2 protein chains.
Amino acid sequence: MAANSRFAVAVHALAVLAWHTQAPCSSREIAASVATNAVVIRRLLGQLARAGVVEASYGARGGFRLARPAAKISLRDVYAAVEEGGFFALRETLNDKCPIACRMKSILNDVFSRVEAKVLPELKRTTLADIVDDIETVA
Amino acid sequence: MAANSRFAVAVHALAVLAWHTQAPCSSREIAASVATNAVVIRRLLGQLARAGVVEASYGARGGFRLARPAAKISLRDVYAAVEEGGFFALRETLNDKCPIACRMKSILNDVFSRVEAKVLPELKRTTLADIVDDIETVA
DNA sequence: TCTAAATGCAACTAGAATTGTTACATTATG
DNA sequence: CATAATGTAACAATTCTAGTTGCATTTAGA
């Protein structure tokens with residue numbers, strides 16, 4: 001795929017927020033840790049804010065905070081917020097006269113559903129609190 | 001088009017091969033069912049040939065055949081052959097001075113490993129024979 | 001009240017990936 | 001020997017991602 005790293009960046013950004021809980025973090029600070037542009041962070045955290053995962057405060061001394069405790073934010077929440085497409089893409093146009101082609105959409109959708117049904121619970125098992133624990137253990 | 005459809009096209013192409021077992025199928029015939037260009041099919045089936053999933057025969061009346069019975073070819077085999085990258089991408093450059101950034105690569109790799117460990121067995125459960133069964137049932 | 005610092009957002013660019021296409025060398029059938 | 005097929009290179013069109021700039025808006029604090 002055009003290998004998008006939104007999920008990785010989102011998890012990283014949220015880990016920063018879960019780590020620095022004293023005050024809001026600015027997109028500039030987070031961008032420094034991720035090594036990207038502050039606007040990229042604002043775009044991603046904007047999606048997460050719309051999903052209710054983070055909250056933004058405007059003005060000086062503003063920035064982003066987690067909207068709820070880190071233990072209540074799972075990677076499934078992050079995935080759902082930032083990754084709109086599924087794992088695989090289907091083709092929209094096929095040869096309608098071919099009996100095989102006619103069944104492919106349904107067959108592949110079933111496969112993708114079964115895969116997602118395995119992936120989402122796995123993502124749900126990891127929370128931001130787990131990630132902070134990992135960082136604290138090593139640091 | 002970041003979401004690549006190689007997996008979907010590969011499964012479709014293999015379903016055609018599993019359906020027409022009498023003689024080799026040409027890339028042109030398969031492309032007609034998938035509604036794409038024959039070269040696209042040859043590229044994909046080339047990967048699958050290198051993985052030992054299909055066999056190509058040259059010359060007139062040539063084309064592609066499955067290298068083993070459809071029941072012995074799982075979607076995991078297809079996935080492994082055509083999808084080189086994982087589900088998510090990591091960032092290669094981070095801020096080495098940030099303790100959070102330093103742990104992210106390891107943390108995300110763990111997450112991705114756990115996800116793959118759920119996905120691959122699920123893909124393994126479906127074979128081309130299952131897909132042919134589905135098509136036969138409806139057709 | 002004013003300044004500094006922050007988000008939100010629009011617009012644009014650069015680069016890469018995907019897909020489609022043409023062309024041609026090679027190979028095998030009959 | 002003609003036909004039909006794969007393998008592969010080269011290129012174009014489209015789309016996505018990420019980065020960047022600029023600016024309106026908002027807020028904290030001196």
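It should be emphasised that the depicted structure is a prediction, and the values quoted were computed from it without experimental measurement.

So, about the overall build of chain A. In terms of regular secondary structure, chain A is built from 6 helices and 2 strands. Written out in order from the N terminus, the α and β elements of chain A read α-α-α-β-β-α-α-α. For chain A, whose C-alpha radius of gyration is 19 Å, the value lies well above the compact-globule estimate of 14 Å for 139 residues. Oriented by its inertia axes, the alpha-carbon framework of chain A measures out at about 60 × 30 × 25 Å. Residue burial in chain A is summarised as follows: out of 139 residues, 45% are buried. Residue pairs in contact within chain A that sit at least 24 positions apart in sequence constitute 63% of those at least 6 positions apart. With an accessible surface of roughly 7,000 Å², chain A has 50% of that area assigned to carbon and sulfur atoms. With 18 positive and 14 negative side-chain charges, chain A shows a spacing of 5 Å between the two charge centroids.

Turning to the environment of Thr137(A), a few remarks are in order. By the secondary structure assignment, Thr137(A) is in helix 6 (residues 128–138). Between the alpha carbons of Thr137(A) and Cys98(A) there is a distance of 57 Å; along the sequence they are 39 residues apart.

Glancing now at the nonpolar core. With 98 residues, the main nonpolar core has Phe7(A), Leu14(A), Leu48(A), Phe7(B), Leu14(B) and Leu48(B) as its most contacted residues. If sequence neighbours within four positions are ignored, Leu14(B) has contacts with Leu45(B), Leu48(B), Val53(B), Val54(B), Leu66(B), Val78(B) and Leu128(B).

With that out of the way, let us pick up the packing of helix 1 (residues 6–19) of chain B against helix 2 (residues 27–34) of chain B. Residues and elements named next belong to chain B. Contact geometry of helix 1 with helix 2 gives a least axis separation of 10 Å together with a crossing angle of 120°. The angle between the axes of helix 1 and helix 2 places the two elements in the oblique class. Of the two elements, helix 1 crosses helix 2, and the hand of that crossing is right-handed. The residues of helix 2 that touch helix 1, namely those facing Val9, His12, Ala13, Val16 and Leu17, are Ile30, Ser33 and Val34.

Calculation rules
- Per-chain numbering applies: the sequence of each chain, read as written, is numbered from 1 onward.
- Labels follow written order: the first chain is A, the first ligand is 1, and so on.
- Only residues with pLDDT of at least 70 are given local features in this predicted model, and only at 80 or more are side-chain atom pairs given and counted; all residues enter the totals for whole chains, interfaces and linings.
- To get the side-chain values, take all heavy atoms of the structure and skip hydrogens and water.
- The way it works is that DSSP assigns letters per residue, a run of H or I at least four long becomes a helix, a run of E at least two long becomes a strand, and they are numbered from the N terminus.
- Each radius of gyration is computed over the set of C-alpha atoms, and the globule rule expresses the reference value as 2.2 Å times the number of residues to the power 0.38.
- The buried label applies to any residue whose accessible area, calculated with a 1.4 Å probe on protein chains only, is under 20% of its type's maximum; exposed applies above 50%, and partly exposed to all values in between.
- What makes two residues a contact is simply this: any of their non-hydrogen atoms within 4.5 Å.
- Surface exposure here means Shrake-Rupley accessible area, sampled with a 1.4 Å probe, where a residue is shielded only by the protein chains that are shown.
- We score Asp and Glu as negative and Lys and Arg as positive, and we do not count His or the chain ends.
- To locate a charge, take NZ of a lysine, CZ of an arginine, CG of an aspartate or CD of a glutamate.
- Grouping buried Ala, Val, Leu, Ile, Met, Phe, Trp, Tyr and Cys residues that are joined through side-chain atoms within 4.5 Å yields what is termed a nonpolar core.
- Axis lines are fitted to C-alpha atoms, over the contacting stretch for helices. Their N-to-C directions set the angle, which ranges from 0 to 180 degrees.
- Should an angle lie under 35 degrees it is considered roughly parallel, over 145 roughly antiparallel, and from 65 to 115 roughly perpendicular; all remaining angles are considered oblique.
- We call a crossing left-handed when the near helix sits turned anticlockwise from the far one by less than a right angle, and right-handed when that turn is clockwise.

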